[in-house]
Amino acid sequence: MARPRVRLVVTADDFGYCPRRDEGIVEAFLAGAVTSVSLLVNGAAAESAAELARRHHIPTGLHANLSEGRPVGPARHGTSSLLSPEGFFLGKMGFREAVAAGDVDMPQVREELEAQLSRFRELLGSDPTHVDGHQHVHVLPGVCQVFAEALQVCGVRFTRLPLERGVGGCTWLEAPARAFACAVERDARAAVGPFSRHGLSLALPTAVLLVPAADALASTGGLMPSWA
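Residues numbered from 1 in each chain as written. Predicted model: local features only at pLDDT ≥ 70, side-chain atom pairs only at ≥ 80, totals over all residues. Heavy atoms only, no water.

It is not clear to me how helix 5 (residues 143-154) should be interpreted in this structure. Could you clarify?
When the terminal C-alpha atoms of helix 5 are compared, their 17 Å separation across twelve residues agrees well with the 16 Å that a helix rising 1.5 Å per residue should span. Val143, Cys144, Val146, Phe147, Ala148, Ala150, Leu151 and Cys154 are the residues of helix 5 that are buried. Tucked into the core, helix 5 has its buried residues touching strand 3 (60-64), helix 3 (92-100), helix 4 (106-124), strand 4 (131-133), strand 5 (158-160) and helix 6 (175-197). (Helix = DSSP H or I, 4+ residues; strand = E, 2+ residues; numbered from the N terminus. Expected span 1.5 Å × (residues − 1). Buried < 20%, exposed > 50% of the residue type's maximum accessible area, 1.4 Å probe, protein only. Contact = heavy atoms within 4.5 Å.)

Please explain unusual backbone geometry as it appears in this structure.
A positive phi angle, close to 65°, is found at Asp14, a residue other than glycine. With relative accessibility at 13%, the residue Asp14 sits in the buried group.

What is the right way to read the side chain of Thr159 from this model?
Counting through the fold element by element, Thr159 comes out in strand 5. Contact partners of Thr159, with chain neighbours within four places excluded, come to Val131, Asp132, His138, Phe147, Leu151, Phe195, Leu200, Ser201, Leu202 and Ala203.

What's the story with the sheet that holds strand 3 in this structure? I'm lost.
Two orientations exist for strands paired in a sheet by backbone hydrogen bonds: parallel and antiparallel. The four strands lie next to each other as 1-2-3-4, forming an open sheet whose pairing is parallel. Where the open sheet ends on each side, the last strands, each with one partner, are strand 1 (11-15) and strand 4. Neighbour-to-neighbour, the strand axes of this sheet turn through a mean angle of 30°, independent of strand direction. (Pairing = 2+ DSSP bridges. Axes fitted to C-alpha atoms, helices over the stretch in contact; angles between N-to-C directions.)

Functional significance is not addressed by these values, which are geometric in nature.
Shown next as structure tokens:
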């Protein structure tokens, strides 16, 4: 019996974060080590990254960002549950804590996701091949439902499900990193229902790239373990 065919997709996140990282990602793509990228549309180098994607015909998705930098949607013009008093997103752990406390207005999450999808189309001239979440915000409780609804409306079919089995048993990981990885896995399992109900196809990671952060940025354009 023929075995089912499996397609390996290697996605470089944080495309658009900064020019040096983008150069490394493009180099990895041209070498065949990377097959697609996820673009931060609120990144400092988003416009130049989009030009690189068009020039080199790189399959590009949206790296939906609700935790780092400034928003691109209506929130940037006033107060928002997504932002600090200084007008920045709340950070990797700050956003999670706000969601857990019930302090995040989900309609504002929907507005920002829709604005990032719109900005992606402005930059690339097309819909994203996939959408995933910066620091896995897309699998957080409540956020995953809004995320799935927004993707269904815009016709995006593919997202990432960050299930990396056994990572909780990696005792060589520092405790904060292991706790974060376990929390992400729990959230990802709970997000399967909303994602499936809205017709999303789920890409699961099959391996973790373990290299020092500085080396990763220099050699792979920002490829990092998905729990980083």
